[in-house]
Structure formats: C-alpha cells, structure tokens
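Here's the letter readout for the chains.
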Amino acid sequence: MARSRRTWGAVRKLPSGRYQARYLDDDARQMLAAPQTFATKRDADVWLARKRTQLDAGTATNEKIGNQPLSQWWPAYWRSVQSNKERTKTGYEAAWRLRVEPRFGGSPVRRIKPAHIDEWVADLVEAGVSASKVIETLGVLKRILDLAVRDGAVAVNPCSLRSARLPRRPTTDRPVLSPSEVQTLARAMSHDSDQVLVKLLAYTGLRIGEALALRWTDVDLDRKVLTVRQSVEDTGGTLIVGPTKTYATRTVTLPNSLVTDLEHRLDRSAALVFPNRSGGYQRYRNWRRTWDKACAASGVTALPHDLRATCASLLIDSGASPKDVQQHLGHQDVNTTLRLYARVRPGRSADLATRLDALISEAG
C-alpha cells in the first residue's frame, strides 16, 4: 500500500484503489480516519486541510462519536428533564418512544440531515399526528441533537437547518364569560363547594390544579388574600402534588363576594378547601363530569380553563395593566398573558364605541 506522509495527517492508498485520510486527534491521542474514503489522493488532501482548519477554529467534529446512534444521547436528555412536571415528562417520553426512536434512534447522528427531518415531519403530518404533538416531538429531537453538538459529534444541529414548515396548531376562539354567566354556571352546580370553586376560578384566575390543591392554611380571610403554593395533577391515574406550573409562589387578593363565600365554607377541621368526600384531593377528571353537567343545565358553553381567561379579561376591563394581570395569573412572560388570556368579552366593542362617542361630543 502506498503511503504519503506530511507535517500533519497522513494519506494512504488502500487495496481497493481508494485513498484514506487520517489525522492525529489530541484528545484521543491516536490517529483517526476520515469517515469516508476518497477517489483521489487530492480529495484526501483537501479533506485533511479542511479538517485542520476546523480544528484550529474549534469547529471540528469527532468522527468516532459522530458514528454513534442517536439513542446514545437519549439517557442524558431524559436525566436533564427529570425536574419537569410529570405530564411534561410523560409527553417527552412518548414522543421519543413512539416517533423519534423508530425513525432516528439507530441512525449515526452525523448522518441525520435536515432533509431527513423534513421528510420525517411530513410523514408525521400525513399519518395524522396532531400539530401539537409534531411540534413537541420535533422539540425533543432538537434538544437531543443539541447534546450531540455539545459533545462534538456534529457541528450544527440539523433541526436548525430544516426548511419545511411546521403544521400550525388549530386556533379556536374560546369564550370569555361575563360575571352573570359565571353566576349562572355556578348556580347550576349541585354542591355549594363546587359553586364556590367556579367563582374562585373566574375571579382569581387560579389554574384548576392550583385550586384543587388549595389548603385552608393558605387562605387568610381577614386579609382577604390566598397564597398559591402547590398544584395537583392526575398523571396516568396517579395524583401528584407538587409546585405550581412556574415553580413560583404568588399571593392573590380576593374580591369581597368571594371572601363571603369562603367564610360560609370555612371548615377548620379540614385541610383542603375543595376536598373529595374522604377529605383527600379531588381528581380533575371526576370534577370535570360535574362541570359538564352544569354547563348542559345552564346553557353556558365553556371549559374550566376558560375561567382563567375570563379573569384576565375582567381584570383588564377593570383597569388593570398587563403586568398586573401577569402577576395575578402567575405567568412568567407578559406576552403569554396578552396572547392567550387577555380576550375580548362580547359587547366590549359597543361599550368602546359609546366611550368614543362621549369623547367626540366633548369636541363640540
């Protein structure tokens, strides 16, 4: 076999007639071969020169690591998300097991190209996977490949170079209830505690998991405030009590009517404000059946989460600033408050027109 030596790297002709380029890897302290062979010696020399430039610039990849399958990085990614909420972790695990691993789990990471990802996304959409799950799944793949980039297996995350558009989540105009509709819905609830819970959700903006985890020790009726510390969620049939969605504690001031309702409900022998019959945490799916019956009886069409947007909209109507509402609802970002929760109540356009008429009349 013919061999060519140089000041850095080596090229040799193989029995097949093709050429192999090798270079000294300082970290591995051994000669590493290029991931492919070359038709000519010149092509091998060009590859070596490019590799040297990348090493000097700190952008070189490790071909040996790059040949490892994507599945090698899943355990590290899975460990990194253990502090997330259980429902979030369940979604990530399902995304990997059902959609990422079957397609890319055994592929060497250096061979995963942007075009492959575009084709995969198109296949998911064609198979009827929802837009939300496609977006979540692509996010899981991207973050796993970020670890491969960190380890020098690939220079650039191919997810960042994809060109196909992602499917859009369907947008639905969710309702915002008026105070009278909130009262109508609450009265349709068969139990007093459920009536108060509906009004609490509408006038404090608590998430349903936060309300079901609320304890009497977190309610100060003299000061007319409650403190949101925990949330409860039902994941795979298991009730999990933990921190709020944003891992933050917040204090919410109560309107007088709600203070009165809670005073009538006050039970100092109970731990939870809205317990189940045995005094434990209610399961949301069980309470949702009660909600659906009340909606059918009252003629109010809404989801429990719509009461959170109702609270945001009522606060803005009453003169609260977006930052006030953000803090009240416990959002990390004010854009979330404005984009998803500050909805326009029916009749507001006519109300605004009336205000404009008043201002115009002042001009004479």
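Our structure is the block above this text.
This section reports on the structure supplied with the text.

A look at the overall build of the protein
Helix and strand content of the protein: 15 helices and nine strands. Each of the 364 residues in the protein was classed as buried or not, and the buried ones make up 39%. Of the contacts formed within the protein by residues at least 6 apart in sequence, a portion of 60% connects residues at least 24 apart. Element-wise, carbon and sulfur atoms account for 49% of the exposed surface of the protein, whose accessible area totals about 20300 Å².

Some thoughts on helix α5 (residues 114–126)
A rise of 1.5 Å per residue sets the reference length of α5, with its 13 residues, at 18 Å; its end C-alpha atoms lie 18 Å apart and thus fit the reference within 8%. If you follow the buried residues of α5, they end up packed against α4 (86–104) and α6 (131–150). Downstream of α5 by one or two residues, G128 has phi in the positive range, about 90°.

Things to note about the nonpolar core
Among the nonpolar cores identified, the biggest contains 38 residues, and V198, L200, L226, L262 and W291 are the most heavily contacted of them. At the level of elements, α7 (179–187), α8 (192–204), α9 (208–212), β6 (225–228), α10 (256–265), α11 (284–298) and α12 (306–317) are the ones that each hand at least two residues to this core. Looking at this core, the element that brings in the most residues is α8, giving seven residues. The contacts of L200, once residues within four sequence positions are left out, are G205, L206, A211, L214, L226, L258 and F274. Counting 27 residues, the second-largest nonpolar core is a separate cluster that includes W73, Y77, Y92 and C159.

A short note on the pattern of salt bridges
The tally for this structure, following the rule as stated, stands at 16 salt bridges. Where D146 meets K142, a salt bridge forms, and the shortest distance between an N and an O atom there is 3.6 Å. In this pair, D146 and K142 both sit in helix α6, four residues apart, roughly one turn of the helix. Judged by its relative accessible area of 31%, D146 is partly exposed. With a relative accessible area of 33%, K142 lands in the partly exposed category. Taken together, the shared-partner salt bridges in this structure form one network comprising K85, R87 and E233.

Basis of the calculations
- Residues numbered from 1 in each chain as written.
- Predicted model: local features only at pLDDT ≥ 70, side-chain atom pairs only at ≥ 80, totals over all residues.
- Heavy atoms only, no water.
- Helix = DSSP H or I, 4+ residues; strand = E, 2+ residues; numbered from the N terminus.
- Buried < 20%, exposed > 50% of the residue type's maximum accessible area, 1.4 Å probe, protein only.
- Contact = heavy atoms within 4.5 Å.
- Areas by Shrake-Rupley, 256 points an atom, 1.4 Å probe, with all protein chains shown as cover.
- Expected span 1.5 Å × (residues − 1).
- Core = buried A, V, L, I, M, F, W, Y, C linked by side-chain atoms within 4.5 Å.
- Salt bridge = Lys/Arg side-chain N within 4 Å of Asp/Glu carboxyl O.

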